[in-house]
Amino acid sequence: MPGYEAKAAELAAMKPDLIRVIGAPPFMLLGYEGERDTIRSWEERYGIPMVTSGQNHVRAFRTLGVRRLVGASYFPEELNALFRTYLTDAGFEMLGMEGIDVPFADVPKVPSSEIRRQLTEMFARHPGGECLYMLGSAWKTLDIIDPLEADLGVPVVHALPARCWETQMRLGVRQPIPGYGRLLAEMPELA
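Residues numbered from 1 in each chain as written. Predicted model: local features only at pLDDT ≥ 70, side-chain atom pairs only at ≥ 80, totals over all residues. Heavy atoms only, no water.

Looking now at the overall build of the chain. A count of helical and extended segments in the chain gives nine helices and six strands. Taken over C-alpha atoms, the radius of gyration comes to 16 Å for the chain, in line with the 16 Å a tight globule of 191 residues would show. Along the first, second and third principal axes, the C-alpha set of the chain runs to 45 × 35 × 30 Å. Going through the 191 residues of the chain one by one, you find that 48% of them count as buried. Considering only residue pairs separated by 6 or more positions, the chain has 67% of its internal contacts joining residues 24 or more positions apart. Per element, the accessible surface of the chain, about 8,800 Å² overall, is 55% carbon and sulfur. Charged side chains in the chain number 20 positive and 25 negative. The centres of these two groups are separated by 3 Å. (Helix = DSSP H or I, 4+ residues; strand = E, 2+ residues; numbered from the N terminus. Rg over C-alpha atoms; globule rule 2.2 N^0.38 Å. Buried < 20%, exposed > 50% of the residue type's maximum accessible area, 1.4 Å probe, protein only. Contact = heavy atoms within 4.5 Å. Areas by Shrake-Rupley, 256 points an atom, 1.4 Å probe, with all protein chains shown as cover. Lys, Arg positive; Asp, Glu negative; His and termini not counted. Charge placed at Lys NZ, Arg CZ, Asp CG, Glu CD.)

Quick look at helix α3 (residues 32-46) now. For α3, with 15 residues, the first-to-last C-alpha span of 21 Å sits near the 21 Å given by 1.5 Å per residue. Buried within α3 are the following residues: Tyr32, Glu35, Thr38, Ile39 and Trp42. Buried residues along α3 cover an arc of 140 degrees about the axis, so they all sit on one side. Those residues of α3 hidden inside the fold are in contact with α1 (2-12), β1 (19-21), α2 (24-28), β2 (50-52), α4 (53-64) and α5 (77-89). (Expected span 1.5 Å × (residues − 1). Arc of directions from axis to C-beta.)

On to the packing of helix α6 (residues 112-124) against helix α7 (residues 145-152). Two numbers describe how α6 lies on α7: the axes approach to 11 Å, and their chain directions differ by 30 degrees. With respect to their mutual orientation, α6 and α7 come out roughly parallel. With respect to the hand of their crossing, α6 and α7 are arranged in right-handed fashion. Taking contact as the criterion, the partners of Arg116, Leu119, Thr120 and Phe123 in α6 are, on α7, Pro147, Leu148, Asp151 and Leu152. Across the contact of α6 with α7, the residue classes tally to five nonpolar, one polar and two charged. (Axes fitted to C-alpha atoms, helices over the stretch in contact; angles between N-to-C directions. Parallel < 35°, antiparallel > 145°, perpendicular 65-115°, else oblique. Left-handed = near helix turned anticlockwise from the far one by under 90°. Nonpolar A, V, L, I, M, F, W, Y, C, P; charged D, E, K, R; others polar.)

When pLDDT is averaged along the chain, the result is 96, and 100% of the positions lie at 70 or above. At the level of individual helices and strands, the chain shows its lowest average pLDDT in α2, which scores 88, and its highest in strand β5 (residues 131-134), which scores 98. (pLDDT = per-residue confidence, 0-100.)

The strands making up a sheet associate through hydrogen bonds between their backbones, and the pairing can be parallel or antiparallel. As summarised here, the arrangement of the four strands in space is β4-β3-β5-β6, forming an open sheet in which the pairing is parallel. The open sheet has two edge strands, β4 (93-99) and β6 (156-158), and neither has a second partner. Neighbour to neighbour, the strand axes of the sheet diverge by 20 degrees on average, direction disregarded. Both β5 and β6 contribute to a ladder of three bridges, which runs parallel. Considered in β6, the bridge of Tyr133 is made with Val157. Of the strands in this sheet, β5 and β6 touch helix α8 (residues 159-170), which is tilted by about 85 degrees from β6. (Pairing = 2+ DSSP bridges.)

Turning to the pairing of strand β3 (residues 68-73), a few remarks are in order. Of all six residues that make up β3, five are buried, and the element is covered over most of its length. Pairing of β3 with β4, which is carried by six bridges, proceeds in the parallel orientation. Directly across from Ala72, in β4, lies its bridge partner Glu98. Read as a crossover between parallel neighbours, the route from β3 over α5 to β4 is right-handed. Where β3 meets β5, four bridges bridge the pair, whose relative direction is parallel. (Right-handed = clockwise from strand over helix to strand, strands pointing away.)

Looking now at the state of the cysteines. Counted under the stated rule, the structure contains zero disulfides. Of the cysteine sulfurs around Cys131, a residue in no disulfide, the closest is that of Cys164, at 17 Å. A residue is classified by how much of its surface remains accessible, and Cys164, at 27% relative accessible area, is partly exposed. (Disulfide = S-S within 2.5 Å.)

Let us now look at the packing of aromatic side chains. For the structure shown, the criterion picks out 10 aromatic pairs. Residues Tyr74 and Phe104 carry aromatic rings whose centres are separated by 5.7 Å and whose planes lie at 55 degrees to one another, so their mutual orientation is tilted. Of the two residues, Tyr74 sits in the loop between β3 and α5 while Phe104 sits in the loop between β4 and α6, which places them 30 residues apart along the sequence. Overall, the relative accessible area of 6% leaves Tyr74 in the buried class. A centroid spacing of 6.2 Å and a plane angle of 25 degrees characterise the contact between Phe75 and Phe104, whose relative ring orientation is stacked. (Phe/Tyr/Trp six-rings, centres within 6.5 Å; stacked < 30°, edge-to-face > 60°.)

As C-alpha cells, this is what we get:
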C-alpha cells in the first residue's frame, strides 16, 4: 500500500477531479471494509475523490441491480477465495468465482473465443446467476462482452468497460458506447 499511496499523493498534487486506483487484487485483499477505510483516509488526506477497481465493480453490480454473481478470473483458487469473501462482504451472493487456468503472463494471448467458451460453461455450472463478472484488466475480450450478454441473458461486468462507465459518470460525461456491454451502451446513473 505505501507505493499506491505515494502514487495517489503524486496525482493528488496535480489537483485532478478523480483518481482511479487501479489493480483489483491488492485492494480486494484488504477486504471490503479495509479497502473502503484505506480509500476514505486517502480521500480525507489528499482532498480528491478516489475509486478502486473493486469499488468500481461493486458499484456496477449495484447499479445493474444484480445480487447473485458468477465470477471468473485468471487468478489461482486462493485469490479467488479472497475475491469471493470481498464480494460476499459487499453484500452479494457468490454462486461461483472460478479461475481460468493460464499463466498470468499468457492471459493476453488466450483467444477471446476460447475465453467465451470457458465462461459460458462456467456460468452454466452455477445456475441462478444474475451477472457474469470478469475480474481482471488483462483479458483481451472486449469483443465477447455483447455476445456473452446475448447468450447468457444477463449483464457482463468486465473491468475495462466498468471503469470507463464510472469515470464518465463521475466526471459528468454521458457518452454511450455500444458494443461493449450494457453499462457502456446504456450509461445508467450510479447507484
